[in-house]
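As a plain string of letters, each chain reads:
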Amino acid sequence: MVKRKITMPTASLLLACIAFPSLVSANAFTGGQSGIMTSSTGNQMVQGARATVITPNTYPSLSSGQMTCVWPAVVGYSGGSIAQVGFAVEPGVGTIQPHYFMGWIPNGGSYKEIQSTVGPGKGSTHEYTVKKVAGGYWAGYVDTTQISSTNANVTPDGVQYYNENESTSTRYFGTSTSKLKFAQVVYLDGSASGSDSSLWTWKKPILAIEADANSQVDSSFETNSSWYSWDTH
Amino acid sequence: MMEKRRLYMILGSLAVVSMLCVPFAFAADDESKNSVQTVLQTSQDLSALAEMGMTLEQAPAVKSLPTISEEDAIKAASEYMPVFSKTATNIKAEYQIMTNPNFQAFSESALAKNPTLQQNKHLEKTPVYIVSFEGIKKEGHDFKGSNKKPTVFSEQNVVVDASTGEILYSYNYR
């Protein structure tokens, strides 16, 4: 009987690993995500995500093959789509670290990405926006500069705001004395209209703030829509 | 006698008309050849590029000659991508005329060296080299809760301004 109790969870875990192999190899994340957001009006609720990011005074030093990046994103939990804009340190990609990027995964499609040869300075403040624009395009901006846009079919039902690493062993942005800050975190609510973007409004989302291994997050999101995160290696 | 004269006149007229038509026939042939030459040749996936806002058109044979050479473009891209220049199994360059109204985040030096780019703030029929580093390994970004493994790219593309040698941006899709 005891043996069976041990065996059942083990078998379930093995089954989960077979059914969801990516859960084993998923990247590491520190920041916040919403649940599935749907509108009672029947219109697509999520039409954009925006955050102001204040960079720390030092940047993580990574080796070739490692990656750490920061972004707000609209996410299709149901269809596996995403559109994100932000900045990344990835030593393989260019000599400018970090550099701005925009990436997306269409429904049923593959990830594509464009990288700039410029990026945020240490201790700088920039506003990152990804939103639906004219023609149904998804556009990514740093302040008022467009990083890219795409006509890819992205149908978001959630928003995420993260510092993402390819592994928990890779250093995150921020240190205990100079942290990364997400502020003015909002999403673009399209509940009022399916097509008239002038009726869409920026709102504060409900987020679960969390930190994966070797990082920490100090959230005051409930009170002032911001949080700090940093590396704890 | 009159009939013979008429026949000679008709034959003569036909000969003149034929001679006049020869240059037009060659011209038509030339146009046909030109239309063949203007077919875009690229190893890039044009539908993927369209999804990223980029369109290419065949560079004209004479106009808009690049200022820098293909070797210079590969050198500039390799200096910008030192890791991939060492790990790539193949590095190649294509000269193209590129339009991309979607990308605006150029470096100050790229804008300063190209007055047209400075004015347009985006690529508008801009002569570029697309330098491709093939056989590399670059992991794409992801989102939390994704049910797929992050994409691993095997090609890194770098867009080099063919007039100035400046790196304009880079991209991945395969």
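Residues numbered from 1 in each chain as written. Chains lettered and ligands numbered in written order. Predicted model: local features only at pLDDT ≥ 70, side-chain atom pairs only at ≥ 80, totals over all residues.

Novice: What should I look at first to understand the overall build of chain A in this one?
Specialist: Broken down by element type, chain A carries three helices and 15 strands. Taking the contacts inside chain A whose residues are at least 6 apart along the sequence as the reference set, 63% of them involve residues at least 24 apart. (Helix = DSSP H or I, 4+ residues; strand = E, 2+ residues; numbered from the N terminus. Contact = placed C-beta atoms within 7 Å.)

Novice: Looking at this model, I keep getting lost on the overall build of chain B. Mind explaining?
Specialist: Helices and strands together make up the secondary structure of chain B, namely six helices and five strands. Tracing chain B from N to C terminus, the helices and strands come up as α-α-β-α-α-β-α-α-β-β-β. Split into buried and exposed, the 174 residues of chain B put 34% on the buried side. Looking at chain B alone, contacts between residues at least 24 apart form 64% of all its contacts between residues at least 6 apart. (Buried ≥ 20, exposed ≤ 12 C-beta atoms within 10 Å, placed from the backbone.)

Novice: Whenever I open this one, helix α3 (residues 70–80) of chain B confuses me. Can you help?
Specialist: One turn of an α-helix holds 3.6 residues; hence residues three or four places apart share an orientation. All names here are of chain B. Listed in full, the buried residues belonging to α3 are Ala 73, Ile 74, Ala 76, Ala 77 and Tyr 80. Projected down its long axis, α3 carries its buried residues within an arc of 160°, all on one side. More than 90 degrees from the buried face of α3, the exposed residues found are Glu 71 and Glu 79. On its buried face, α3 sits against β2 (90–100), β3 (123–139), β4 (152–161) and β5 (167–172). (Arc of directions from axis to C-beta.)

Novice: I keep staring at the nonpolar core and nothing clicks. Help me out?
Specialist: Ranked by internal contacts, the top residues of the largest apolar core, which has 94 residues, are Ala 73, Val 74 and Ile 147 of chain A together with Ala 77 and Val 160 of chain B. For this core, the element with the highest residue contribution is β3 of chain B, accounting for seven residues. (Core = buried A, V, L, I, M, F, W, Y, C linked by C-beta atoms within 7 Å.)

Novice: I would appreciate a short explanation of the pairing of strand β6 (residues 112–115) of chain A in the present structure.
Specialist: If a strand is regular, its side chains alternate between the two faces of the sheet. Along β6 of chain A, one buried face is formed by Lys 112 and Ile 114 of chain A and the opposite face, lined by Glu 113 and Gln 115 of chain A, is buried too. Hairpin connection from strand β5 (residues 99–105) of chain A to β6 of chain A: six residues lie between these consecutive antiparallel strands, with Gly 108 of chain A at a positive phi of about 70°. Both β6 of chain A and β5 of chain B contribute to a ladder of three bridges, which runs antiparallel. Looking at the pairing, Ile 114 of chain A lines up with Tyr 171 of chain B of β5 of chain B. (Pairing = 2+ DSSP bridges.)

Novice: Please explain the sheet that holds β2 of chain B as it appears in this structure.
Specialist: Backbone-to-backbone hydrogen bonds join strands into a sheet, with any given pair of strands oriented parallel or antiparallel. Strand order in the open sheet formed by 12 strands is β13(A)-β1(A)-β10(A)-β3(A)-β4(A)-β5(A)-β6(A)-β5(B)-β4(B)-β3(B)-β2(B)-β1(B), and the pairing between neighbours is antiparallel. Each edge of the open sheet carries a strand with a single partner, namely β13 (208–211) of chain A together with β1 (55–57) of chain B. The mean angle between the axes of side-by-side strands here comes to 25°, regardless of whether they run parallel or antiparallel. Relative to β5 of chain A, strand β4 (residues 81–89) of chain A runs antiparallel, the two being bridged by seven bridges. Residue pairing across strands places Ile 82 of chain A opposite Ile 105 of chain A, the latter belonging to β5 of chain A. Sheet contacts for α3 of chain B: β2, β3, β4 and β5 of chain B; angle to β2 of chain B, the most-contacted strand, approximately 100°. (Axes fitted to C-alpha atoms, helices over the stretch in contact; angles between N-to-C directions.)

Novice: What is the right way to read the interface of chain A and chain B from this model?
Specialist: How big an interface is tends to be stated in terms of accessible area lost as the parts join. With 44 residues of chain A at the interface, the matching set in chain B holds 34 residues. Those elements that place two or more of their residues in the side of chain A that touches chain B are α2 (22–25), β1 (28–33), β3 (68–76), β4, β5, β6, β9 (145–150) and β10 (158–165) of chain A. No other element matches the six residues that β9 of chain A contributes to the side of chain A that touches chain B.

Novice: In this structure, what is going on with unusual backbone geometry? I would like to understand it.
Specialist: Note on backbone geometry: most residues besides glycine have negative phi, and most peptide bonds are trans. A cis amide bond links Gln 97 of chain A to the next residue, Pro 98 of chain A, at an omega of -5°. Backbone geometry places Asn 214 of chain A, a non-glycine residue, at a positive phi of 70°. Tracing the backbone shows Asn 214 of chain A in the loop between β13 and β14 (215–219). With a phi angle near 65°, Lys 121 of chain B is a residue other than glycine that sits in the positive phi range. On the secondary structure map, Lys 121 of chain B appears in the loop between α6 (115–120) and β3. Among the residues examined, Lys 121 of chain B registers 14 C-beta atoms within 10 Å and is labelled partly exposed.

Novice: Could you clarify how one ought to interpret the environment of Ser 198 of chain A in this entry?
Specialist: Structurally, the position occupied by Ser 198 of chain A is in the loop between β11 (180–189) and β12 (201–203). Put simply, Ser 198 of chain A and Val 74 of chain A are 124 residues apart on the chain and 19 Å apart in space, counted from C-alpha to C-alpha.

Novice: Please clarify how the environment of Gly 165 of chain B should be interpreted in this entry.
Specialist: Residue and element names in this part refer to chain B. Tracing the backbone through its elements, the reader meets Gly 165 in the loop between β4 and β5. When the 19 C-beta atoms within 10 Å are taken as the criterion, Gly 165 is described as partly exposed. In this structure the C-alpha to C-alpha distance between Gly 165 and Met 98, which are 67 residues apart in sequence, comes to 15 Å. Residues contacting Gly 165, with those up to four places away along its chain left out, are Ile 68, Asp 72, Ala 76 and Val 160.

Novice: Looking at this model, I keep getting lost on the confidence of the model for chain B. Mind explaining?
Specialist: Low-pLDDT portions of the prediction should not be read for the details of their coordinates. All names here are of chain B. Looking at chain B as a whole, its pLDDT mean stands at 84, while 75% of the residues score no less than 70. Within chain B, no element has a lower average pLDDT than helix α1 (residues 2–37), which sits at 51, and none a higher one than β5, at 98. Taken together, the stretch residues 20–37 has pLDDT below 50 and engages in one contact with residues farther than four places along the chain or on a different chain. (pLDDT = per-residue confidence, 0-100.)

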